[in-house]
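# Breakdown of the fold
This is what each chain is made of:
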Amino acid sequence: MVTPYPPGAPALCPGEIITEPVLSYLTTGLDGGMDIPDASDPTLKTLRVVAE
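Treat the numbers as computed from the prediction; the structure is a model and nothing was measured.

Conventions used here
- Residues numbered from 1 in each chain as written.
- Predicted model: local features only at pLDDT ≥ 70, side-chain atom pairs only at ≥ 80, totals over all residues.
- Heavy atoms only, no water.
- Helix = DSSP H or I, 4+ residues; strand = E, 2+ residues; numbered from the N terminus.
- Rg over C-alpha atoms; globule rule 2.2 N^0.38 Å.
- Buried < 20%, exposed > 50% of the residue type's maximum accessible area, 1.4 Å probe, protein only.
- Contact = heavy atoms within 4.5 Å.
- Lys, Arg positive; Asp, Glu negative; His and termini not counted.
- Salt bridge = Lys/Arg side-chain N within 4 Å of Asp/Glu carboxyl O.
- Polar contact = N/O pair within 3.5 Å; in protein donor to acceptor, adjacent residues only side chain to side chain.
- Core = buried A, V, L, I, M, F, W, Y, C linked by side-chain atoms within 4.5 Å.
- Expected span 1.5 Å × (residues − 1).

## Topic: the overall build of the chain
Tallying secondary structure elements over the chain gives 1 helix and 0 strands in all. Since a compact globule built from 52 residues should have a radius of gyration of about 10 Å, the 10 Å found for the chain is in line with a globular shape. Of all 52 residues assigned to the chain, the portion counted as buried reaches 23%. Long-range contacts, defined as pairs at least 24 residues apart, comprise 38% of the intrachain contacts of the chain with a sequence gap of at least 6.

## What to know about the side chain of Asp41
Its place among the elements puts Asp41 in the segment after α1 (20–31). Lys45 provides the closest opposite charge to the buried, salt-bridge-free Asp41, at an N-O distance of 7.4 Å. Side chain to side chain, Asp41 and Thr43 meet in a polar contact 2.6 Å long.

## Here's the deal with the nonpolar core
When a protein is soluble and globular, its nonpolar side chains tend to lie buried together. Counting 8 residues, the largest nonpolar core is built from Val2, Ala11, Leu12, Leu26, Met34, Ile36, Ala39 and Leu44. Residue contacts for Ala11: discarding those within four places in its chain leaves Val2, Thr3, Pro4, Glu16, Val22, Tyr25 and Leu26.

## Thoughts on the environment of Val49
Positionally, Val49 belongs in the segment after α1. For Val49, a relative accessible area of 55% gives the class exposed. In the structure, Val49 is positioned 34 residues away from Gly15 in sequence and 9.1 Å away in space, judged by C-alpha atoms.

## Here's the deal with α1
Note: α-helices contain 3.6 residues per turn, so residues at a spacing of three or four share the same orientation. Taking 1.5 Å as the rise per residue, α1 with 12 residues should run 16 Å; its terminal C-alpha atoms sit 16 Å apart, in good agreement. Remark: Gly33 follows α1 within two positions and exhibits a positive phi of approximately 105 degrees.

Listed below in structure tokens is the structure:
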């Protein structure tokens, strides 16, 4: 699960397809000071995914 803080609501859940708008929201948020503590890589330089 990827839960940025703030707001503290999950942006990605297991099994969900990662879309460009969600990835853009997360990377823009990181640039603005948002924290993503529960991602496997909190910098989002890499993502752990399972092939479809």
